[in-house]
Structure formats: C-alpha cells, structure tokens
Amino acid sequence: MRILNLNSNLHSISGNIPYRIHKILLKLGYDSFFVTVDTSIDEPEIIKYPLPFQNLRTKLVYYLGRILFGFKRSMKYVYYPEWNLFGIRAKRIRALIKENPDLIIAYWTDYYFTQKVIYELSKITGAPVLWYMMDMAPLTGGCHMSYDCRGYEKGCGKCPALRFGWKYDLSYRSYLKKAKYIAKTNISTVSASTFLYNQALNCNLYKDKMNYKIMLPVDERIYQPGCKERVREELDIPQYSKVILFGSASLNTPYKGIKYLLEALKILDGRFQDKPDFHTKILMLFAGNNNLHTEIPFPYKHVGYLKTSENMAKIYQAADVYVCPTIQDSGPVMINESIMCGTPVVSFAMGAAYDLVHTGQTGYRAKLKDSCDLANGIESILKLSAAEWQTMSNRCRQLGLKHCASAAQVNKMIEIGKGLPQMAVNEKLE
C-alpha cells in the first residue's frame, strides 16, 4: 500500500508528529513517502516541493495579511487563510511522487496545501484522503483554535482572530472555499482526542463525511518508565526532590496556560509555608523555548527546547508529575508521552485530558481555568506515598499502551484508509 503524507514542514512540533507517523509506516512495511516544502531533512522518502524564495514569500503573505485583512499580532491566535499564494499545484505534486498513492494523509498544511490542492490531488490520483487533524485548522476559516467562538460550526465570519472581523470577512470567505472542495473530495477526518472529535462532529464542513478518533501515537520503546535515580543524576536533579514538569515549544504561549500554572504554584507556596521540609523538596522543571520573566516561588531548572524523543523521555522519567495547564488544545501530545512514560498528569479539562487523565487513576483533571483546582491536583500527586505513586504510574503506562502504542494507532489509520473507496483517476481539473 502506497501512502502519501502531506505536511508543510518537518522540524516543528506540527511537523514532528507526522514525520514520526511516516517512520512508523515504513517500519510496518508500508510504502510511505512524504511531500513537504521543508528542506531540513534529506531522506529518500522525503519529497520536497521546490519553492524559490520561500522565506521571503512567507513573510510577504504574513505582512500582507496584517495590512489588508487585519491578522492580529497575537500569540493567542494562529490564523492562516485559504490562500495559495505560493502557486502549489496538484499536478506538480503528482509528477514529483512518480506513482499514484492508495491513500493520502494530510496533517498541517497551511500556507501551502490548500483544500483545493488536496481535492485536485485526490482527483488526479484516485486516492481517498484522511485528514489527521493536529488542531482545529481543518474545521475553520483560518483559526487553529477557536476558544469560546463556535462560528466554525456554521460558517465562520466575525472572526476574533481578525481586527476587521465582520460577517463576510476573510474567515467567512475561506470557509466557503473549503466547503466547496470538501464537498467534492473523498475525505474523512481523524481526530487526535475526543475533544477534537466532538468539534469535528459539530462542524458543517464535515457533516456528510466520516469522522474517526485515533489518539496520537507514541513510540512505547522510547517513551517508557525509566530509572528515576539514574536520569536525575544525569540531569543534575537532586534525588530527594519532588519534581513538577511543565513543557511547551514556547513557554510563554498564552493558550498553554503558564498564567494558571504560576497562580497554582503561588497557592501551593502558601499552603506549604508551615511545612518547610516539604516546601524545600519541590523543584520546577521547565522544557521549551524562552525564559520565564517572572518570579517563581520554588527552585527551578530550565532544560531548554529538547529536539529528540530520547531526551524528552528522560524529563518525564525524572518528574513526579507533569502539569498541563493548557486552556485551548487538541492534544497536546505531551500528555500522551507522559502517560506512556508512567508519569502522572495534572491537567485542565481540555484536549487529550478527557481521554487519558482520570482523577485518582492516572493523575488529576482540574476544572478549566481554575488555578486553585490545578493546585489541588498537583498537591494530591506530590503527597502520594512511594507505593501509591508507583501504582498510579503503572496505571498510566497500561493506559498509554492501550490507547497510544505507535504501531496499533497507525494500523488503525491504515485500516480506515483501506475501507475508503478508491475513485476513478481523472486528469482533468477545473
């Protein structure tokens, strides 16, 4: 079975997960290849769509969007319209891949592989499409996260990510473009969490399409429980510490919830003032880009942005609890990874937490945006006895193997793809 993976890049978080899936497909014996505009990886199965002056063009699109359409300069919203200013062509992709695929899997495609391009590629190859959604982008007129806005359910417009949001704004027009080509495409969605799956079910774009849920796969051979003493010695972390882990590609990204974590830590600081022996044991472990320009009530260690899965696994193995205070997310995959490593998770009720974080079993699921409840969750894990913590850790690992094991999750996707009808190849495009 020949599988074409479509993703804009390979080196970021949004590119790393599809790349992992591609490598798993190869290990399972599938003929997998990857089309991208990224030039950072040189492998036989990575097919690079040539784009001269790519960086210049990207900046041009960004500033054009800000000036003409009012893209907000904000870390809260990520917005990309349904534009094809880079001139990506389905027939060019078909020429690059040499043979028709049996299945197309689309992931993070913004700026480059629009819904029209995906439709045309499916039409000229006859291959059905699975859109493995990394976030909400395939459901909206441009937003990657909608927060409290539910405009994507009916047709967008008045987009909060645009300064000039009105009923027939850019989000409305982008939504209409998507709707036009989705209706004609043999396409199904795959969601990475129950949270995102329910959003897909409520979206008009896919009301007549099949929608599935498959948790993001995690390599259980890399992400596994490890020797805490050995890893802490390697990372120069005191053996007696109660380690609280927080990680994000950018630590200061608002929707990742650092504000709520800091509030929760201040609450814990107040609670532990009369327990100095316990207070002095707490150590915060931060993983990600950017320094935190704020006062933290406990000692902390910043390990920076970790580029390899092996190094990521070590920080989970070193931690007593991973805290995920994200307030808007379809994942994040760090929940899956932590659970697979046997490290309990404290998270708000958001994204993958609905599937993997069960209070008293694999961690603590706090009320959304409730810093006090987040503090309750962290405290409950830190106060577990060694035996109680080990029992919870074992449950985490078992749940991870059940829902996130790499080969099983990827095979589920392939089974869905095999069940989709192949279309007649049609070289004529509109």
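Above this text sits the structure in question.
These numbers come from a predicted model, not from an experiment. (Residues numbered from 1 in each chain as written. Predicted model: local features only at pLDDT ≥ 70, side-chain atom pairs only at ≥ 80, totals over all residues. Heavy atoms only, no water.)

(A) Representation of the sheet that holds strand β8 (residues 242–250) within the structure. Taken in spatial order, the 6 strands of this open sheet run β10-β9-β8-β11-β12-β13, and their pairing is parallel. Because the sheet does not close on itself, it has two edges, and the strands there are β10 (300–302) and β13 (363–366). Across the sheet, the axes of successive neighbouring strands diverge by a mean angle of 20 degrees, strand direction being ignored. Examined bridge by bridge, β8 and strand β9 (residues 282–289) share 7 bridges and lie parallel to one another. Note on β9: the bridge partner recorded for F246 is F286. (Pairing = 2+ DSSP bridges. Helix = DSSP H or I, 4+ residues; strand = E, 2+ residues; numbered from the N terminus. Axes fitted to C-alpha atoms, helices over the stretch in contact; angles between N-to-C directions.)

(B) Looking closely at the packing of helix α3 (residues 90–97) against helix α4 (residues 115–125). It is the contact of α3 with α4, at a shortest axis distance of 8 Å, that shows an interaxial angle of 50 degrees. As far as their axial angle goes, α4 and α3 are oblique. Crossing of α3 over α4 shows right-handed handedness. Packed against α3, whose contacting residues are A90, K91, I93 and R94, the element α4 presents V117, E120, L121, I124 and T125 at the interface. Residue composition of the contact of α3 with α4, by class: 5 nonpolar, 1 polar and 3 charged. (Parallel < 35°, antiparallel > 145°, perpendicular 65-115°, else oblique. Left-handed = near helix turned anticlockwise from the far one by under 90°. Contact = heavy atoms within 4.5 Å. Nonpolar A, V, L, I, M, F, W, Y, C, P; charged D, E, K, R; others polar.)

(C) Representation of empty space enclosed by the protein in the model. Counted under the stated rule, the structure contains 3 cavities of 30 Å³ or more. Empty space within the largest cavity amounts to approximately 80 Å³. Every residue along the wall of the largest cavity is listed here: T140, G141, G142, C143, S146, C149, Y152, C156, G157, C159, P160 and S171. Per-class residue counts for the lining of the largest cavity are 6 nonpolar, 6 polar and no charged. Residue lining of the second largest cavity: P81, E82, W83, T109, D110, Y111, Y112, F113, T114, Q115, W131 and K178, and that is the complete set. Among the residues forming the lining of the second largest cavity, the class breakdown is 6 nonpolar, 3 polar and 3 charged. (1 Å grid on protein atoms, 1.4 Å probe; cavity = no way out; pocket = protein on both sides within 12 Å on 5 of 7 lines; lining within 4 Å. Points joined across faces, edges and corners; volume = space filled by probe spheres on them.)

(D) Region of interest: the sheet that holds strand β2 (residues 31–36). The strand order across the open sheet built from 7 strands is β3-β2-β1-β4-β5-β6-β7, with neighbouring strands paired in parallel fashion. Either end of the sheet is taken by a strand with one partner, and the two such strands are β3 (46–48) and β7 (211–213). Recorded for the sheet is a direction-independent mean angle of 25 degrees between the axes of neighbouring strands. Relative to β2, strand β1 (residues 2–6) runs parallel, the two sharing 5 bridges. The residue bridging I3 from the neighbouring strand is S32, located in β2.

(E) Examining the state of the cysteines more closely. Scanning the model with the defined rule gives 0 disulfides in all. You can see C159 has no disulfide; the closest cysteine sulfur is in C143, sitting 3.5 Å from it. C396 supplies the cysteine sulfur nearest to C341, a cysteine that is in no disulfide, at a spacing of 10 Å. Here C341 falls in the buried class, since its relative accessible area comes to 3%. (Disulfide = S-S within 2.5 Å. Buried < 20%, exposed > 50% of the residue type's maximum accessible area, 1.4 Å probe, protein only.)

(F) Spatial organisation of the layout of surface pockets. Taken as a whole, the second largest pocket spans an internal volume of roughly 380 Å³. Lining the second largest pocket are 24 residues, and of these K228, D320, A386, W389 and Q390 lie nearest its centre. Those elements that provide at least two residues to the lining of the second largest pocket are α7 (228–235), α10 (309–318), α13 (371–382) and α14 (386–404). Per-element accounting of the lining of the second largest pocket gives the leading share, 6 residues, to α14. Considered class by class, the residues forming the lining of the second largest pocket number 9 nonpolar, 10 polar and 5 charged.

(G) Seen up close, the side chain of D329. Along the chain, D329 falls in the loop between β11 (321–324) and α11 (333–340). Polar contacts involving the side chain of D329 include one to the side chain of T326, which spans 3.4 Å. Within the structure, D329 has its side chain in polar contact with the backbone nitrogen of G331 (distance 3.0 Å). (Polar contact = N/O pair within 3.5 Å; in protein donor to acceptor, adjacent residues only side chain to side chain.)

(H) Representation of the pairing of β9 in the model. Of all 8 residues making up β9, 7 are buried, and the element is well covered by its neighbours. When β9 meets β10, the two strands line up parallel, connected through 3 bridges. When the sheet's bridge partners are listed, F286 is paired in β10 with H302.

(I) Summary view of the packing of aromatic side chains. If you walk through the whole model with that rule in mind, you get 11 aromatic pairs. Taking 5.7 Å as the distance between ring centres and 75 degrees as the angle between the ring planes, the aromatic pair formed by F286 and Y300 counts as edge-to-face. Of this pair, F286 sits in strand β9 while Y300 sits in strand β10, and the two are 14 residues apart along the sequence. We classify F286 as buried; its relative accessible area is 1%. Put simply, the rings of W166, Y168 and Y172 touch in pairs and so form one group of aromatic residues. A cation sits over an aromatic face here: R92 above Y49, 5.9 Å from the ring centre. (Phe/Tyr/Trp six-rings, centres within 6.5 Å; stacked < 30°, edge-to-face > 60°. Lys NZ or Arg CZ within 6 Å of the ring centre and 35° of its normal.)

(J) Geometry of unusual backbone geometry. Cis rather than trans, the peptide bond between G331 and P332 has omega equal to -10 degrees. Looking at where P332 falls in the secondary structure, it is placed in the loop between β11 and α11. One non-glycine residue, K369, adopts positive backbone phi at about 65 degrees. Residue position: K369 is located in the loop between β13 and α13.

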